[in-house]
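# Per-entry structural report
Single-letter residue listing:
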Amino acid sequence: MIKDKKKIFEAVVDKVEKVSRSAYLIETDLKEEVDVKAGQFVSIYCDGLTLRRPFSVYSCKASKIGILFKEKGKGTKYIKSLKKGDLVNITGPFGNGFTLENKKALSVGAGIGYAPVAFLKSKSDECGIENMLLCGFPNKNEIPDLVKADVICTDDGSYGIKGSVLDAAENILKDYKPQIIYACGPLIVLKKLVQTAQKYDIPVQVAMEKEMACSIGVCRGCVIRVKHDGNIVNKTVCKDGPVFWGSEVVW
Ligand SMILES: Cc1cc2nc3c(=O)[nH]c(=O)nc-3n(C[C@H](O)[C@H](O)[C@H](O)COP(=O)(O)OP(=O)(O)OC[C@H]3O[C@@H](n4cnc5c(N)ncnc54)[C@H](O)[C@@H]3O)c2cc1C
Ligand code: FES
């Protein structure tokens, strides 16, 4: 959490750079120190758009945060257009983030889902926790040039191991035998990863995405269904999540 609880920043853009065919890195200075957990996210005001856009934090050092984002629509096009010295309105950090346990870990990032698990990997390195980082992309051109992972796979085999991140994950589960998995990526990847992990009795923390409006648990626009005490209840991805145990999510 931010130390003085203030959650709105007029941040200064340090740089925006293209890091792959469709992804960019924006680094900003919030001008005051923040403490962000891996898996937490911030929301960015994009000029002229009513709804802020949510993004996982990719890096955080003192007052500086980095976000790795994929160009999609008007919001990300605006962020991509920002220049060094521009001001950008950022709120956050929001959500619970991953709970880093002192256990041998495997982190799985599919596509831009690499961002929060890469941040988690840097936190585990700081704490001396063994954490293998696996990530998957459609092809070589979509791999951000800043990616540092133990295993990289591409669907078309143009870089690293050929095949889906799910196949690579299953092979790693057999040999490396992690005690916990952390993951972020498209819903279908998370669902299948959780099913695979259940076969090996390994718990998974998943960072979920849902379209968001308020980001603070008020509008209920980002609700998912979760198992709780034998019942199915609604939980907000923005406030109760975005990280849930894979076993509690109603897929
Ligand atoms: C908790 C969280 C973390 C995220 N982290 C990242 C990240 O690290 N990097 C990254 O590239 N993207 C991330 N996303 C997805 C990102 O928010 C969307 O790609 C972005 O909002 C698209 O905005 P746009 O205006 O360019 O696209 P448009 O398609 O024009 O957006 C239209 C609307 O849909 C919403 N929206 C569209 N796609 C998504 C989506 N996948 N998830 C949530 N809302 C969406 C937008 O917020 C906006 O309100 C994250 C989403 C969530 C919920
Ligand atoms: S975005 Fe409003 S409750 Fe989650």
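Cut-offs applied
Residues numbered from 1 in each chain as written. Chains lettered and ligands numbered in written order. Predicted model: local features only at pLDDT ≥ 70, side-chain atom pairs only at ≥ 80, totals over all residues. Heavy atoms only, no water. Salt bridge = Lys/Arg side-chain N within 4 Å of Asp/Glu carboxyl O. Helix = DSSP H or I, 4+ residues; strand = E, 2+ residues; numbered from the N terminus. Buried < 20%, exposed > 50% of the residue type's maximum accessible area, 1.4 Å probe, protein only. Polar contact = N/O pair within 3.5 Å; in protein donor to acceptor, adjacent residues only side chain to side chain. Contact = heavy atoms within 4.5 Å. Domains from an automatic or database assignment. Buried area = accessible area lost by both parts, 1.4 Å probe. Near = heavy atom within 4 Å. Areas by Shrake-Rupley, 256 points an atom, 1.4 Å probe, with all protein chains shown as cover. Nonpolar A, V, L, I, M, F, W, Y, C, P; charged D, E, K, R; others polar.

Moving on: the pattern of salt bridges. For the structure shown, the criterion picks out nine salt bridges. One salt bridge connects lysine 15 with glutamate 27, and the closest N-O pair in it is separated by 3.9 Å. One end of the pair, lysine 15, is in strand S1 (residues 8–18); the other, glutamate 27, is in strand S2 (residues 23–29), and twelve residues separate them in sequence. Classification of lysine 15 by relative accessible area gives partly exposed; the value is 31%. Glutamate 27 sits in the partly exposed class, given a relative accessible area of 27%. Across the pair lysine 80 and glutamate 71 runs a salt bridge whose closest N-O atoms are separated by 3.1 Å. What makes lysine 80 partly exposed here is its relative accessible area of 28%. A single salt-bridge network, built from bridges that share partners, covers Lys15, Glu17 and Glu27.

For the rest of this paragraph, the subject is the side chain of threonine 76. Here threonine 76 is to be found in helix H1 (residues 74–81). Residue classification places threonine 76 among the buried residues on the basis of a relative accessible area of 7%. Among the polar contacts listed, one links the side chain of threonine 76 to the backbone nitrogen of lysine 72, at a separation of 2.7 Å. Those residues within four positions of threonine 76 in sequence are excluded, and the remaining contacts are Phe55, Phe69, Lys70 and Glu71.

Here we come to the domain arrangement of the chain. Many analyses report the size of an interface as the accessible area lost when the parts associate. Here the chain is partitioned into domain 1 (8–94) and domain 2 (105–207). Facing 20 residues of domain 1, the contacting portion of domain 2 comprises 15 residues. For the pair domain 1 and domain 2, the summed buried surface comes to about 1,400 Å²; carbon and sulfur atoms form 62% of the total. Per-residue buried area on domain 1 facing domain 2 is highest for Arg21, Tyr58 and Leu68; these three make up 39% of the total on that side. One can count one salt bridge joining domain 1 with domain 2. Between arginine 21 and glutamate 142 there is a salt bridge, and its shortest N-O distance comes to 3.3 Å. Applying the counting rule to domain 1 against domain 2 returns five residue pairs in polar contact (both at pLDDT 80 or more). Secondary structure elements with two or more residues in the side of domain 1 that touches domain 2: S2, strand S5 (59–61) and strand S6 (64–70).

Our next topic: the site of ligand 1. The environment of ligand 1 is made up of 19 residues, and the closest members are Pro54, Lys72, Gly73, Gly75 and Thr76. Contact between ligand 1 and proline 54: an oxygen atom at 2.6 Å from a main-chain N or O atom of the residue. Between a nitrogen atom of ligand 1 and a side-chain N or O atom of glutamate 209, the distance comes to 2.9 Å. Protein burial of ligand 1: of its 830 Å² of free accessible surface, 84% is covered by the chains. In terms of residues, the shell around ligand 1 owes the most to one element, strand S4 (residues 53–56), which gives four residues. Split into classes, the residues belonging to the shell around ligand 1 amount to eight nonpolar, four polar and seven charged.

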